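Listed below, chain by chain, are the residues.
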Amino acid sequence: FSLSLCLSDRQAIALGLLKDRSSAEALEATALDLGEDPDLRGYATLSLAMMWHPRARHVLEEILATKGNPSLHRAAAIALGLVGRSDSGTRLVTQMEETNDPWIKAAATSSLGYLRDRKTAEALARAASDSSKPFLARIYSILAVGYLSDRRGSPPQLSKLAWFHNYRIRIAALDRLTGLL
């Protein structure tokens, strides 16, 4: 069952915001469907992460292990930062260091900050100080180091600097709506 027949990208992400676990199986199938629109697949991965679906890490690791569409890899890297554990840091460091796409690099770097795994601090510091790296990659590395050092809770308070990339921000209207469902 593919969501593309029923849902737009925005509706797919709304399922994650609403934490609609009844849609998780269909979202997983869409995320892994190679014939599906890469943007919809990316939103499906983010939705799985936002609802903390138990198989989300597996789906994300599978997507990141293959060559694919940059927007899909960007979404999967962000999603892995949301649901990953410290062992996800290795995959994200590899993604950050090996990709040539500056937006995938930025997403992987931000996700390392979301993980808040101090074992990745050295790789982030190297990336931030490497003048041969693109400016965008260096900025995101600096923000990720800031996330690591922010002890004021989750999501990191410094995430307000990149609010348009923060999928953990609580939205009061959605909280009220999910309380009614």
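Along each chain, residue indices are assigned from 1 in the same order as the chain's sequence is written. Only residues with pLDDT of at least 70 get local features here, since the model is predicted, and only at 80 or more are side-chain atom pairs given and counted; chain-wide, interface and lining totals rely on the full set of residues. The side-chain numbers reported here are obtained from all heavy atoms of the structure, hydrogens and water having been left aside.

### Observations regarding a nonpolar patch on the surface
- Surface patches are defined over residues having more than 30% relative accessible area and no salt bridge, joining like charges when they lie within 9 Å and nonpolar side chains (Val, Leu, Ile, Met, Phe, Trp, Tyr) when within 5 Å. Where accessible areas are quoted, they stem from the Shrake-Rupley method and a 1.4 Å probe; at the residue level, only the protein chains shown are allowed to cover. Salt bridge, as used here, is a side-chain nitrogen of Lys or Arg placed within 4 Å of a carboxyl oxygen of Asp or Glu. A cluster of nonpolar side chains, namely Phe-135, Ile-139 and Ile-142, defines an oily patch on the protein surface of about 320 Å² accessible area.
- Secondary structure is summarised from DSSP: a helix means a run of H or I of at least four residues, a strand means a run of E of at least two, and numbering begins at the N terminus for each. Counting through the fold element by element, Phe-135 comes out in helix H9 (residues 135-149).

### A word on the confidence of the model for the protein chain
- Put simply, the protein chain has an average pLDDT of 80, and 79% of its residues get 70 or more.
- Element-level mean pLDDT values for the protein chain span from 57 in helix H10 (residues 172-180) up to 93 in helix H3 (residues 38-50).
- pLDDT: the predictor's confidence for each residue, scored from 0 to 100. Note on contacts: a residue pair is in contact if any heavy atoms of the two residues lie within 4.5 Å. Note on residues 1-5: pLDDT is under 50 here. Beyond four places in sequence and across chains, it has 13 contacts.

### Overview of the packing of aromatic side chains
- Pairs were defined over the aromatic rings of Phe, Tyr and Trp, the Trp ring being its six-membered one, requiring ring centres within 6.5 Å. Orientation was assigned from the angle between planes: stacked under 30 degrees, edge-to-face over 60, tilted for the rest. Summed over all chains, the structure comprises 1 aromatic pair.
- Seen from their ring centres, Tyr-114 and Tyr-147 are 5.5 Å apart, and the 15° between their planes marks the pair as stacked. Within this pair, whereas Tyr-114 is found in helix H7 (residues 102-115), its partner Tyr-147 is found in helix H9, the two being separated by 33 residues in sequence.
- Exposure is judged per residue with a 1.4 Å probe applied to protein chains only, and the accessible area is read against the type maximum: over 50% gives exposed, under 20% gives buried, and values in between give partly exposed. Relative accessible area serves as the criterion here: at 5%, Tyr-114 is assigned to the buried category.

### Looking at the side chain of Ser-111
- Looking at the element boundaries, Ser-111 is found in helix H7.
- Of the residues examined, Ser-111 reaches a relative accessible area of 0% and is grouped as buried.
- Polar contact is the term for a pair of N or O atoms within 3.5 Å; when the atoms are in protein, one must be able to donate a hydrogen and the other to accept it, and sequence-neighboring residues count only if both atoms are side-chain atoms. Polar side-chain contacts of Ser-111 include one of 2.5 Å to the backbone oxygen of Ala-77.
- The contacts of Ser-111, once residues within four sequence positions are left out, are Ala-77, Ile-78, Gly-81 and Leu-92.

### Quick word on the packing of helix H5 (residues 70-83) against helix H6 (residues 88-98)
- All axes are obtained by fitting lines to C-alpha atoms, using only the stretch in contact for helices, and the reported angles, taken between N-to-C directions, cover 0 to 180 degrees. Close contact between H5 and H6 brings their axes to 10 Å; oriented N to C, the two are set at 150°. Taken as axis vectors, H5 and H6 run roughly antiparallel relative to one another. Seen from above, H5 lies across H6 with left-handed handedness. Contact residues: H5 offers His-73, Ala-77, Leu-80 and Gly-81, while H6 offers Ser-88, Arg-91, Leu-92 and Gln-95.
- Grouping the constituent residues of the contact of H5 with H6 by class yields 3 nonpolar, 4 polar and 1 charged. Every angle not falling under 35 degrees, over 145, or within 65 to 115 is termed oblique; those three ranges are roughly parallel, roughly antiparallel and roughly perpendicular. Helix crossings fall into two classes, left-handed where the near helix is turned counterclockwise from the far one by less than a right angle and right-handed where it is turned clockwise. Ten residues, namely Ala, Val, Leu, Ile, Met, Phe, Trp, Tyr, Cys and Pro, are considered nonpolar, four, namely Asp, Glu, Lys and Arg, are considered charged, and the remaining ones, Gly among them, are considered polar.

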